[in-house]
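Chain by chain, the residues run as shown.
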Amino acid sequence: MTDTTSNESAISHEHAITPAPDAVTITLNGRVVAARKGELIIAAAERHGQYIPRFCYHPRMSSVGMCRQCIVEVDTGRGPALQPSCMITVAPDMKIETSSPIAKRVQEGVLELLLANHPLDCPVCDKGGECPLQDQSFSHGPGESRYVEEKRHYEKPIPINENVYLDRERCILCDRCTRFADEVAGDKLIHFIDRGNLSQVNTFPDEPFSSYFSGNVVQICPVGALTAKPYRFKARPWDLEQVESTCTSCSVGCRISIHSSRDELLRFQGVDVESVNWGWMCDRGRFNFESIESDERLATPRVRTADGHAETSQSETSWSSAIAITAQLVQGALDAGGAGSIGLLGGARSTNEGAYAWAQLADAIGIERRDAQLGDGMPAQILGLKRATISEAASAATVILLGPDLKEELPILYLRLRDAAEKKRTKLIEFSGQTTGMSRYAWRTERYSPGTGPSVIAQTLADPGIVAQIAKGDVVIVAGRGNLAESEGRALASLQAVLDAVPHATVLPALRRGNVVGALQLGLGQESCERDALSTLRAAADGKLELLILLGADPLNDCPDSDLARRALAGARRIVSIDTFLSDSTGHADVVLPAAAFAEQSGTTTNLEGRVSRVNQKVTAHGTSRPDWMIAADLALALGHDLGFGSVDDVTAAIAANVPAYVGATAAAIDAAPEGVLAIGSFGVMPEAEPFEQQPNSYDYRLVVSRKLYDQAVSTAMSPSIAGLAIGSGVCIHPLDLDRVGVPDGTEVKIVGVKGSVVLRLVADATVQRGTIWAPFNQVGADVTALIESTSPVTDVRIERLS
Amino acid sequence: MSRLSDVNVALAREIIGRYPKKKSALIPLVHLSQEQNGYVTEEAMRHVAELVEVTPAEVYGTASFYEMFRFEPTGRYLINMCGTMSCALMGAVELMHHAEHRLGVKAGSTTADGMFTLQHAECQAACTEAPTLQVNYRYRFRVTPADFDQLIDDLSAGKLASEIPPHGTLGRQRQHIPADRAVGAVHPDHVTAGPAWLTITESPS
Amino acid sequence: MTARASYPWAAGFYEGDRPQIVTTRFKYEDSYTLDRYLATGGYEGLRKALAVQPADVADEVKKSTLLGRGGAGFPAGVKWGFTPAGVWPRYLVVNGDESEPGTYKDRLLMERDPHQLIEGCLIACYAAGLSQCFLYIRGEMALAHERVADALNDAYASGYIGKDILGTEFSVDIVLHWGAGAYVVGEETALIESLEGERGMPRLKPPYFPAAVGLYGQPTIVNNVETLANLPFIAANGSAAFTSIGTETSPGTRMIAVSGHVKRPGVYEIINGSTTFRDLIYGDDFSQGIRDGNELKAFVPGGGSAPWFVADQLDIPFEGRAASAAGSMLGSGAVMVMDSTTDIPAAALTLVKFYAHESCGKCVPCREGGTWLYRILERIVAGEGTDVDLETILEVGESICPGEMPHASSRRLDINVAVPFPYKMTTICFVGPSAYVPVHSAMTLFPEEFESRVTKRKVRTTIPVMAVQ
Ligand SMILES: Cc1cc2nc3c(=O)[nH]c(=O)nc-3n(C[C@H](O)[C@H](O)[C@H](O)COP(=O)(O)O)c2cc1C
Ligand code: SF4
Ligand code: FES
């Protein structure tokens, strides 16, 4: 097989695992073989060991038959005809010749023509060495070109967005990138322009290819026409080493391969798995490897030198002393206030092993206050509902979207559901406080003002048209937190309203952080609102916590009630932080332990479906940083508990042995299953959502706060290629409401709530609902979360002019 | 004004309304913008994109495929000289030389006064009347060098203004479907049954 | 004495002493008006059709063996029957994109008799259950556009189009749509793409046979303007009246344009199937012989895409199978005549240039090969080619059309057997091969004109296809 990019085999994993249901007998190069009904010749031939050269064909996109490279002889009884094997499906008794003299002549001829205008700059081309054009020229080409005319000339690579360059001289016009933009991403911002021999791919003047998925076009380009800035000229493919892993930038858990050279990460590429990402990645996941290589990474443990006073500073120390000091802090807290005075927040950014080891440590010393979420998610009990997988959602008759804007938070889930809607398999019913990326694909989309979700949902789901639709087949609810300025209880009430109307529906939890489901299922979940993150922070703020352990958690930036977080970090007597970077929160810590990052440690992760798959180490951990599980094990030892973990494999084995949901998730089983192994935890009964009475008040607008793909999260902020893509803080309002405020678009105004006020730029946006205003979460600039009060179901505000 | 004028927006909406899917109106609307502005501007393409609900890149991608759309200022009179076989056999090459000489510009360019853009064109479906040319897509047949000179003189003198509208104007007569007669365009997804006049004869299968 | 009228308002058209089906009104200056149309039997075919069942009308058309006049010559009635049962809506798309080099007929039909076309569309819609009709006119035909727009407006106002046509249940809209200049859009699947607002790039058949998967993915009948213009006659007079003209395999008439080096280039409505090329080029009723008393050198029998014929083929009748056995095709009814003064490589160049220029860019062999052929031939015509270039032409051509190429026999060259049409091709549509066909024909039939044009080198220059690390 000649193809160099691993996600492009014509045989998808689905085909590899499902047996042929209805076999069609065909004759392939004289051999009688079985093909599947509806299978393309190119795929059937590949399964039977005949690789047909190709360029435009991509198994995840519709065939266009453009490059003509895959032409073979096909005889359906009327004599052999030349046909592109990527367009023709097998039929009974079809005779196919993939390398008859005429087929070979065509394949050589097409290659010569493809190369006619292709520059000879392979030695300086990023793709050289992994280039399908280069490879297939050697395997199927004539070896020389008679083309002595002048080649087409274009300005050498032009940027089509911040990270992707296009070299139109190298482009062979296979329509892969443009088809991706159209069919897969739905961002038709690159297009064929001009005609015939002068055709080129380009954007509209001054309208860049602003897509969250733009990096995919680099990966699927079969030549070096599209290159990614973060990788350009960094390495030659033959110097690259690679290992498969699972992206943990969000909880979708895309299968990827990690590429490095000389112990330096160079790029991530998508790997095609049927159940999850189909080979795609979002740009945040693809390009945030830069943050792992950042010079700002924490390299050495740090401790606060003097006794807890604000003006003292942290200084570097050895691991042995840092662990010893941490153990003293834990012991001191136990002595002073008992296990109840210790809180453990975080773990959702870790591996299963890291989360489990910390949960074991917490068990050993009796810490009950632990929560992998930061008041920004859903009660852990939703994981105990009847769960759905991504593929179940993407093939259900109806999907009810309650969660966040999937395009912004779980981008590949967005692609999968968009595909389901576009291909008319699935009808999407969306309930949301704002227009989302999914809205334009939704069959029905209902906007509701924060707080009114449950009644709007109940009413809508009683509509006869919707009842009929719901009766048509499976229903999956995508449940999560769409509005961070509305309480978890409100999100829960919305979910309950759907379940009341559609009790048989299954749930796909739309929680965002990479391994949040793993952490919740492995012992860092919290079922009691008396010990969850918000109550822990309140306890800290009230001076009731002796020790707060932040396991990769940054409450100052991640907790929607930032005021609470600030008071908590000030109120906790001691803080220990395990992190990869110095953050606002680690600045308050007495001990900071540097953690190994993604690609620096091995283990497993659990995605939002409960799918357990491998994460693999590719490069040496930065500085002296260590994996979370190891830190937990060392700390336990220092406290006199032996967790029994000598290696990460021990932890993986312990999880499979001890956690019921993970019995199938042994190392051997995971390694044998390209699609991963499902682990579905069981939880207690869902809490009842408290009723909510709308109180009349003097505020005019209700606040909606939600995440954008690019925000101040360290993995984005520390990756120069994507850091600049964050939009920055601001607030959007419907143009008619803006008229009511009476200021010009873009004016700074004061947003006033019960808790305080912030000054933000006010921008007109017709997609915002009347009577609400929308602001992005965790952006550079004034912090809108200063208005959010975690005890209040909704956040009401007023807009005041500055002067 | 580069975006479509209010009058043209109204016309655009009428045109869009005739098609089961909006994007079908893309080419007619780009024509309309060219009629308004004399050529196709970026602003106009953005406006068309809004009207048919696609991206500007899609409008540009489609528009740039077609010969008649010009993306830079164009003479008031666009002279297309046919050079395909029948016309070539009947002296099109010589006629083009003459035209270049007479207008003082090379094919593919516009005279300094902005009156004439001269260009090569392909077969104009008037092969029996070779050599042919079109001025703003209005024909001249069996053109001799003398005919050409006369044509330029007449155009310059404004004598043909009533016959030949400025570049971009496609048809001075437009289709208007009276509302009370229109059957109306329906998105194909919303059509489930065969037409009424057939139901008697075609039984569903 | 035969009437051989020509009319200033129908430039190029000549009437003869022959039965006419589609050009009967060309003699009237106001033939495009509704009044004239009604005064000359207009919309009678539609009235008769509406009086019977749609299936009866479809049957009548099938019986007439009306062959498509757009180039492929497929029977219209049979095509209508290919729509899958029970799939709605279905559309009619009228192919008025006439732009095949040499072709001149549809424009006349649209400019001179738009109501006849409209009536044809209505009959087709009624018979085949097509619920909306799009009349796609080539963008460069401003006058046709205006005439058809006027005719449509009048026909709507008079109740011939729209809701409840002539007081029946039959209701259909006809939408005038105009192109913007791209030859390939004449190919039916490209026409559909263009009508969807896309770049006019052909789709692969299968799976995209318009009758099954056409406009918006729905069953769609694409018919040529002239094809549809025949329907009012068939509906009004019955298929027997139609088949009484022409031959059994090619009934009716056809409009043929004869251009180039003839005494009287013109458009003629000929009797289908029996008229020979000799009649057309030399007949008194037709083009009256080669200009200036010169000899015939070669002719293109069916539009620029067709392999060339020479004098040996003059007696072939205008009938599809005969033309194909002789190595070419009838295509769109366009005969282009070259006399003895013709510079053959230069003539071929105009067509190679045309098809290279008109490539949509989808298929590599057409996009790259067409332009390559054009560049080489341009060099040869300029006197800068070599003998190696001649080989390269054939080899590039083979990458577009692998296998034997159709060509005519030529006694002069001792080529005694023709290779029948068609050829094998590596492209989606015929544009790619059409860039090779003219130069292949020219080189096969007139090798000496190429050999004398090039210098001998016999050394091939090649470059490695890929730089190796
Ligand atoms: C490259 C190409 C160009 C064509 N151009 C035209 C054209 O201009 N007009 C036309 O009617 N058919 C044209 N055709 C043929 C159409 O594809 C189609 O066969 C025809 O419109 C069907 O109508 P008919 O069955 O009534 O002939 C062309 C075909 C090809 C391959
Ligand atoms: S043969 Fe040429 S014009 Fe036809 S589809 Fe292919 S590239 Fe386009
Ligand atoms: S891979 Fe089949 S035509 Fe390109």
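Residues numbered from 1 in each chain as written. Chains lettered and ligands numbered in written order. Predicted model: local features only at pLDDT ≥ 70, side-chain atom pairs only at ≥ 80, totals over all residues. Heavy atoms only, no water.

Residue and element names in this part refer to chain C. The immediate surroundings of ligand 1 are formed by 18 residues, with Gly 70, Asn 95, Asn 223, Asn 224 and Thr 227 found nearest. Within the side chain of Asn 223, an N or O atom sits 2.8 Å from an oxygen atom of ligand 1. Separating an oxygen atom of ligand 1 from a side-chain N or O atom of Thr 227 is a distance of 2.7 Å. Look at ligand 1: alone it shows 610 Å² of surface, and the protein chains cover 91% of it. Here the shell around ligand 1 gets three residues from one element, more than from any other, and that element is strand β5 (residues 220–224). Looking at the shell around ligand 1 residue by residue, the class counts come to four nonpolar, eight polar and six charged. (Near = heavy atom within 4 Å. Polar contact = N/O pair within 3.5 Å; in protein donor to acceptor, adjacent residues only side chain to side chain. Areas by Shrake-Rupley, 256 points an atom, 1.4 Å probe, with all protein chains shown as cover. Helix = DSSP H or I, 4+ residues; strand = E, 2+ residues; numbered from the N terminus. Nonpolar A, V, L, I, M, F, W, Y, C, P; charged D, E, K, R; others polar.)

Before going further, it helps to spend a moment on the confidence of the model for chain A. Residues and elements named next belong to chain A. When the pLDDT values of chain A are averaged, the result is 94; 96% of them are 70 or greater. Of the regions scoring below 50 in pLDDT, residues 1–7 engages in 23 contacts with residues more than four places distant in sequence or in other chains. Within the model, pLDDT remains below 50 along residues 10–19, and this stretch shows 20 contacts once partners closer than five positions in the same chain are excluded. (pLDDT = per-residue confidence, 0-100. Contact = heavy atoms within 4.5 Å.)

This part covers the site of ligand 2. Taken together, 13 residues lie around ligand 2, and Cys 360, Lys 362, Cys 363, Cys 366 and Cys 429 of chain C are the ones closest in. Of the residues assigned to the shell around ligand 2, the class counts are eight nonpolar, four polar and one charged.

Quick look at the sheet that holds strand β8 (residues 296–300) of chain C now. Residue and element names in this part refer to chain C. Here we have five strands laid out as an open sheet, ordered β1-β7-β6-β9-β8, and mixed in their pairing. The open sheet has two edge strands with one neighbour each: β1 (13–14) and β8. Relative to strand β9 (residues 334–339), strand β6 (residues 253–260) runs parallel, the two sharing four bridges. Residue pairing in the sheet places Val 258 in a bridge with Val 335 of β9. (Pairing = 2+ DSSP bridges.)

A separate point is the packing of helix α3 (residues 42–52) of chain B against helix α4 (residues 56–63) of chain B. Working note: a packed helix pair is described by the angle between its axes plus the distance between those axes. Residues and elements named next belong to chain B. In contact at an axis separation of 8 Å, α3 and α4 are set at 110° when each is read in the N-to-C sense. Our classification of the angle between α3 and α4 gives roughly perpendicular. Seen along the crossing, α3 lies across α4 with a hand that is right-handed. Every residue of α4 that contacts α3 at Met 45, Arg 46, Val 48 and Ala 49 is listed here: Pro 56, Val 59 and Tyr 60. A per-class count over the contact of α3 with α4 returns six nonpolar, no polar and one charged. (Axes fitted to C-alpha atoms, helices over the stretch in contact; angles between N-to-C directions. Parallel < 35°, antiparallel > 145°, perpendicular 65-115°, else oblique. Left-handed = near helix turned anticlockwise from the far one by under 90°.)

A word on the packing of aromatic side chains. Tallied over the entire structure, the rule returns 35 aromatic pairs over all chains. Measuring from centroid to centroid gives 5.3 Å for Tyr 139 of chain B and Phe 141 of chain B, while their planes differ by 35°, and the two rings are tilted. By relative accessible area, Tyr 139 of chain B is classed as buried at 13%. A connected cluster of aromatic rings, assembled from ring pairs, spans Tyr 19 of chain B together with Tyr 91, Phe 134 and Tyr 216 of chain C. The lysine or arginine in question, Arg 195 of chain A, covers the ring of Phe 65 of chain B, its NZ or CZ lying 5.7 Å from the ring centre. Here the guanidinium or amino end of Arg 444 of chain A rests over the ring plane of Trp 443 of chain A, the centre of that ring lying 6.0 Å away. (Phe/Tyr/Trp six-rings, centres within 6.5 Å; stacked < 30°, edge-to-face > 60°. Buried < 20%, exposed > 50% of the residue type's maximum accessible area, 1.4 Å probe, protein only. Lys NZ or Arg CZ within 6 Å of the ring centre and 35° of its normal.)

A few words now on empty space enclosed by the protein. Residue and element names in this part refer to chain A. Following the criterion strictly, the structure yields 17 cavities of 30 Å³ or more and no others. If you add up the space inside the largest cavity, you get close to 210 Å³. If you go around the largest cavity, you meet 19 residues; those closest to its centre are Val 218, Ala 228, Tyr 231, Arg 267 and Gln 269. Counting only elements with at least two residues in the lining of the largest cavity, the list comes to α6 (215–220), β11 (226–228), β14 (264–270) and α7 (283–287). Ranked by residue count, the leading element in the lining of the largest cavity is β14, at four residues. Split into classes, the residues belonging to the lining of the largest cavity amount to nine nonpolar, five polar and five charged. (1 Å grid on protein atoms, 1.4 Å probe; cavity = no way out; pocket = protein on both sides within 12 Å on 5 of 7 lines; lining within 4 Å. Points joined across faces, edges and corners; volume = space filled by probe spheres on them.)

This paragraph deals with the pairing of strand β4 (residues 173–178) of chain C. Residue and element names in this part refer to chain C. Among the six residues that make up β4, six are buried, leaving the element largely enclosed by the rest of the structure. Burial along β4 is two-sided: the residues Asp 173, Val 175 and His 177 and Ile 174, Leu 176 and Trp 178 are all buried. With six bridges connecting them, strand β3 (residues 132–137) and β4 associate as parallel partners. Bridge pairing in β4 links Ile 137 to Trp 178. After leaving β3, the chain enters helix α7 (residues 142–157) and then returns to the sheet as β4, a path that is right-handed. (Right-handed = clockwise from strand over helix to strand, strands pointing away.)

Before going further, it helps to examine the interface of chain A and chain C. At the junction of the two partners, chain A supplies 50 residues and chain C supplies 47 residues. Buried area between chain A and chain C, summed over both chains or domains, comes out near 4300 Å², and the portion from carbon and sulfur atoms is 60%. If you sort the residues of chain A by the area they bury against chain C, Leu 113, Arg 146 and Arg 195 of chain A come out on top, with a joint share of 18%. Here chain A and chain C share five salt bridges between them. (Buried area = accessible area lost by both parts, 1.4 Å probe. Salt bridge = Lys/Arg side-chain N within 4 Å of Asp/Glu carboxyl O.)

What follows is about the interface of chain C and chain B. At the junction of the two partners, chain C supplies 91 residues and chain B supplies 70 residues. For the pair chain C and chain B, the summed buried area comes to about 6300 Å², and 59% of that belongs to carbon and sulfur atoms. Our enumeration of links across chain C and chain B arrives at three salt bridges. With a shortest N-O distance of 3.1 Å, Arg 172 of chain B and Glu 146 of chain C are connected by a salt bridge. At the junction of chain C and chain B, the tally comes to 33 residue pairs in polar contact (both at pLDDT 80 or more).

Residue and element names in this part refer to chain A. Mapped onto the fold, Ser 439 is located in the loop between β20 (427–432) and β21 (444–447). You can call Ser 439 buried: its relative accessible area is 9%. Looking at Ser 439, its side chain comes within polar contact range of the main-chain nitrogen of Thr 436, at 2.8 Å. In contact with Ser 439, not counting residues within four places along its chain, are Glu 430, Thr 445 and Arg 447.

Moving on: the packing of helix α10 (residues 352–365) of chain A against helix α22 (residues 648–658) of chain A. All names here are of chain A. Two elements in contact, α10 and α22, have axes separated by 9 Å at closest approach and are oriented at 70°. As judged from the angle between their axes, α10 and α22 are roughly perpendicular. Facing Asn 352, Glu 353 and Tyr 356 of α10, the residues of α22 in contact are Val 648, Val 651, Thr 652, Ala 654, Ile 655 and Asn 658. Its residues assigned to classes, the contact of α10 with α22 shows five nonpolar, three polar and one charged.

This next bit is on the side chain of Lys 297 of chain C. All names here are of chain C. By secondary structure assignment, the location of Lys 297 is in strand β8. There is a polar contact of 2.5 Å between the side chain of Lys 297 and the side chain of Glu 449. Sequence-distant contacts of Lys 297, that is, excluding residues within four places in its chain, are made with Val 310, Met 338, Asp 339, Ser 340, Thr 342, Ile 344, Phe 446 and Glu 449.

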